[in-house]
Amino acid sequence: MAAVIVAAPSVYAETLTSALSQTYNNNPTLNAMRAQLRATDENVPQALSGYRPVLTGNAYVGPSYARGRSSSQLPVSSSTTWPRGYSLTIEQPIFRGFRTQNSVKQAESAVLAGRELLRSTEQDVLLDAVAAYTNVLYYKGIVSLREQNIAFLREQQRAAADRLKVGEGTRTDLAQTDAALSQGQTEYDVAIANLNSANATYVQIIGTAPKSLQIPSVNSRLLPKSESATVSAGQSRHPTIRAASYNVDTAAFNVKVIEGQLLPTVSLQGQLAHTDDSSLTGSFGDSATITANLTVPIYEGGVVYSQTRQAKETLGQYRIQLDSARDQVRAAGVSAFGQLEAARASITSAQEQIRASQLALEGVIEEQKVGQRTTLDVLNQQQSLLQARETLILAQRTEVVASYTLMSTTGSLSADNLGLKVQRYEPKQHYQAVRDKWIGLRTPDGR
């Protein structure tokens, strides 16, 4: 980007790379998505619980009151006893209609989809950070240019007033400079408001206030060389497409899980029990049983059949969404590549326009001094130069954003590819920590 945007950075200037590093570490949207993925990881141990035994304990105690008589010749008798006992039951699933296997596969597919959604969120957040960073630079540049414009217009106003005093100018010339200065001040105030808004967005996304931002450059090494290469890369590795593909797998396994409810289930159950009979001193009973249970569903009211049909429709929906994701990524890639090419062309055009407008302004000012041009001619030419400079810094900002957008459409906008100096968030670490946990309420980080 051209040096016209901002003044030379200080030794404490913040680079775009450091801003992206802060975003990677601190952005709340990204951290929330990481937490969501950790919650999704827990679906796998929940599915694996279908392989594991269920152990339950039961105990009871309470008064039992009885009253009666065995014949009409005997008196009525009553008694209160305190029966009590306890039991321990364990049930081990043997066969659940393949629901456990398919539930595990479904949960694992959901985790893989969640990881791709996290990658997609990371790309979106980093791209938002690039936009916030360059917006601050852009509006600082606009403020600087409009400050220079006000200084120029004030000088023209002073010169018009001086000429009027010596009889070489007119009140019309002075009025024109007054109007131009007033318009320039309004445009400056608008630029300040836009800069304040850009600063607020910067804090929201990156987490700190902008300080002496450096002008970023475009790393062409990370960009595809052609439109076809852009589309090809996006189709093969864009996280939105990969997430949609895993969602199709998740929905397919869900169909199998529901269909499994129509199959028989087999389990083994063992029980140890102890009872005390308080009506007889010292009497008790112990028992141990083990049984094999077979349950065969015959008709459940049609709910499972309806759920299966519903799940198949959902599967069809996800397949359509996968096709839609491919189309969206293709369109985004073509658009981003075109925007980058257009921005580069605009930069070249604006630079030429600035050089020509600068020469024209200098010529008009000299011609005004000898009476061949009017004050209005000078003001119009100054406005043309100002617009050309603003066009240049907008094109330079667009080039940077378009380059990172292009990386995003190919699925390569990540902390690794950008070389950010951050501790990488590794989703697999949490997944491996919880996948085979049988017990425990605390999360891996101690909560």
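Everything that follows concerns the structure shown earlier in this document.
Quick look at the structure, then. (Residues numbered from 1 in each chain as written. Predicted model: local features only at pLDDT ≥ 70, side-chain atom pairs only at ≥ 80, totals over all residues. Heavy atoms only, no water.)

1. Observations concerning the pattern of salt bridges
Stated formally: Throughout this description, the term salt bridge denotes a Lys or Arg side-chain nitrogen within 4 Å of a carboxyl oxygen of Asp or Glu. Put simply, DSSP H or I for four residues or longer makes a helix, DSSP E for two residues or longer makes a strand, and each gets a number counted from the N terminus. Note on exposure labels: buried denotes an accessible area under 20% of the residue type's maximum, exposed denotes more than 50%, and partly exposed covers the range between, all computed with a 1.4 Å probe on protein chains only.
Following the criterion strictly, the structure yields 14 salt bridges and no others. Between Arg326 and Asp323 there is a salt bridge, with the nearest N and O atoms lying 3.4 Å from each other. Linking Arg326 with Asp323, this pair stays in helix 8 (residues 303–369), spanning three residues, or about one helical turn. Among the residues examined, Arg326 registers a relative accessible area of 31% and is labelled partly exposed. Where Glu352 meets Arg355, a salt bridge forms, and the shortest distance between an N and an O atom there is 2.3 Å.

2. Side note on helix 8
Threshold: Given a helix with a known number of residues, its expected span is that number minus one, times 1.5 Å.
When the terminal C-alpha atoms of helix 8 are compared, their 92 Å separation across 67 residues agrees well with the 99 Å that a helix rising 1.5 Å per residue should span. Looking one or two residues past helix 8, Gly371 carries a phi angle of roughly 85°, positive in sign.

3. Examining the packing of aromatic side chains
The relative placement of two aromatic rings is captured by the distance of their centres and the angle of their planes. Selection criterion: Two rings from Phe, Tyr or Trp (for Trp, the six-membered ring) form a pair when their centres are within 6.5 Å of each other. A pair whose planes differ by under 30 degrees is stacked, one over 60 is edge-to-face, and the rest are tilted.
Overall, the coordinates contain three aromatic pairs when judged by the stated rule. Taking 5.0 Å as the distance between ring centres and 90° as the angle between the ring planes, the aromatic pair formed by Phe95 and Phe98 counts as edge-to-face. Look at Phe95 and you get partly exposed, because its relative accessible area is 25%. Phe98 gets classed as partly exposed once you look at its relative accessible area, which sits at 43%. With 6.3 Å between their ring centres and 40° between their planes, Tyr133 and Tyr202 make a pair best called tilted. You can see Tyr133 sitting in helix 4 (residues 99–165) and its partner Tyr202 sitting in helix 5 (residues 171–206), a full 69 residues away along the chain. For Tyr133, a relative accessible area of 0% translates into the label buried. We classify Tyr202 as buried; its relative accessible area is 0%.

4. Details of the pairing of strand 6 (residues 284–295)
Successive side chains on a regular strand alternate, one facing one side of the sheet and the next facing the other. Defined as follows: Only when DSSP finds a minimum of two bridges between them are two strands counted as paired.
For strand 6, the tally of buried residues reaches only zero of twelve residues, placing the bulk of the element at the surface. Where strand 5 (residues 265–276) lies against strand 6, twelve bridges are found, and the strand directions are antiparallel. In the strand pairing of strand 6, Ser267 is matched with Asn293.

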